[in-house]
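Residue-level listing of the chains:
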Amino acid sequence: MALTPDDVVTKQFQHVRFKEGFDPDEVDDFLDEIVVEWRKTIAENEELKTKLAAYESGESAPATVAAPVAEAPQAEEPAPVETPAPAPVAAPVSDDAAPVAQSAGIIELAQRLHDEHVAEGKAQRDQLIGEAQAQAASIVAEAEQKGREERARLEKERTTLEGRITELRNFERDYRAQLRSYIEGQLRDLDTTASSSGSTPVSAIGL
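Residues numbered from 1 in each chain as written. Predicted model: local features only at pLDDT ≥ 70, side-chain atom pairs only at ≥ 80, totals over all residues. Heavy atoms only, no water.

**Student:** What am I meant to see in the overall build of the chain here?
**Tutor:** Helix and strand counts for the chain come out as three helices and zero strands. Helices and strands in the chain line up, N terminus first, as α-α-α. Burial status across the chain gives 9% buried among its 207 residues. Counted over contacts in the chain with a minimum sequence separation of 6, partners at least 24 positions apart contribute 89%. Accessible area of the chain: about 16,800 Å², with a carbon and sulfur share of 58%. (Helix = DSSP H or I, 4+ residues; strand = E, 2+ residues; numbered from the N terminus. Buried < 20%, exposed > 50% of the residue type's maximum accessible area, 1.4 Å probe, protein only. Contact = heavy atoms within 4.5 Å. Areas by Shrake-Rupley, 256 points an atom, 1.4 Å probe, with all protein chains shown as cover.)

**Student:** What should I look at first to understand the packing of aromatic side chains in this one?
**Tutor:** The description of an aromatic ring pair rests on the distance of the ring centres and on the angle between the ring planes. Inspection of the entire model under this criterion finds one aromatic pair. Ring geometry for Phe171 versus Tyr175: centroids 6.3 Å apart, planes at 20 degrees, classification stacked. With Phe171 and Tyr175 both in helix α3 (residues 86-198) and four residues apart, the pair spans about one turn of that helix. Judged by relative accessible area, Tyr175 falls into the partly exposed class, the value being 48%. (Phe/Tyr/Trp six-rings, centres within 6.5 Å; stacked < 30°, edge-to-face > 60°.)

**Student:** Where do I start with the confidence of the model for the chain in this structure?
**Tutor:** Close reading of the predicted structure is inappropriate where its pLDDT is low. Per-residue pLDDT for the chain has a mean of 75; in total, 68% of the residues score no lower than 70. Confidence, read as mean pLDDT per element, is least for helix α2 (residues 24-70) in the chain (74) and greatest for α3 (83). In this model, residues 60-94 is a region of pLDDT below 50 whose contacts with residues beyond four sequence positions or in other chains number eight contacts. Low pLDDT (under 50) marks residues 202-207, which in the prediction has one contact with non-local residues, meaning those over four places away or in another chain. (pLDDT = per-residue confidence, 0-100.)

**Student:** Teacher, can you tell me more about a nonpolar patch on the surface here?
**Tutor:** On the surface, Phe171, Tyr175, Leu179, Tyr182, Ile183, Leu187 and Leu190 cluster together into a nonpolar patch covering about 770 Å² of accessible area. Structurally, Ile183 can be placed in helix α3. Here Ile183 falls in the partly exposed class, since its relative accessible area comes to 42%. (Patch = residues over 30% accessible without salt bridge, like charges linked within 9 Å, V, L, I, M, F, W, Y side chains within 5 Å. Salt bridge = Lys/Arg side-chain N within 4 Å of Asp/Glu carboxyl O.)

**Student:** Would you explain the pattern of salt bridges in this entry?
**Tutor:** Charged atoms that come close allow side chains of opposite charge to pair. Applying the stated criterion to the full structure yields 10 salt bridges. The salt bridge partner of Glu47 is Lys51, with a shortest N-O separation of 3.4 Å. Of the two residues, Glu47 and Lys51 are both situated in helix α2; the distance of four residues between them amounts to about one turn of the helix. In this structure, Glu167 and Arg164 form a salt bridge, with 3.4 Å as the shortest nitrogen-oxygen distance. On the criterion of helical spacing, the pair formed by Glu167 and Arg164 is a turn pair, its members being three residues apart in helix α3. A residue is classified by how much of its surface remains accessible, and Glu167, at 47% relative accessible area, is partly exposed.

**Student:** Would you explain a negative patch on the surface in this entry?
**Tutor:** On the surface, a cluster of negative charge is contributed by Asp23, Asp25, Glu26, Asp28, Asp29, Asp32 and Glu33. Inspection of the secondary structure assignment puts Asp23 in the loop between α1 (5-10) and α2. (Lys, Arg positive; Asp, Glu negative; His and termini not counted. Charge placed at Lys NZ, Arg CZ, Asp CG, Glu CD.)

**Student:** I would appreciate a short explanation of the environment of Ala101 in the present structure.
**Tutor:** Mapped onto the secondary structure, Ala101 falls in helix α3. Judged by its relative accessible area of 48%, Ala101 falls in the partly exposed class. Sequence spacing of Ala101 and Thr41 is 60 residues, and the spatial spacing of their C-alpha atoms is 9.9 Å.

**Student:** For this particular structure, what's the right way to read the nonpolar core?
**Tutor:** Among soluble globular proteins, nonpolar side chains are generally buried collectively. Membership of the largest hydrophobic core is limited to six residues, which are Val8, Leu31, Ile34, Val35, Trp38 and Ile106. The element that contributes the greatest number of residues to this core is α2, accounting for four residues. (Core = buried A, V, L, I, M, F, W, Y, C linked by side-chain atoms within 4.5 Å.)

The following block contains the structure:
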């Protein structure tokens, strides 16, 4: 599809936030200058085409008529065959090539600016994606590190509590053994005292 000045005027670019890039106002001003020059070139091109058409339709006929008048009457029949006159037509064609080349250069410049703007936007998009991925990876790594540290702390506390429980069980076992030994000793002493009292003679107690 051919690119027109209206296409340049109505072209909308996506604004990129929080990114480096060209100043939109400066780009718009430059594109406006391109559109003005482009329209001027198109107008000159149309004017040249109009002059060329007028030249081919109006000025080629007199040259055809002049030849028969200057020559003898019997030359009227071959005269229409010898009316190419290519030299006068070649000059307007060469003059028309310059505006066409200038218009093509303006189109190429506008397309190059568009491509550079798109390429810059893609590069900034890729950079933001890379930074976001790196930040996400850093957050995940930090969370995993904190998780490992927390599990290590809980494991240490569990080991400490298990050791404390073992100590309390050992203390309870030793305490029960000592208490049982003490009670058994007291019972043996009571049995010994009772046996001694039962074997004492009656005269020994004053009866």
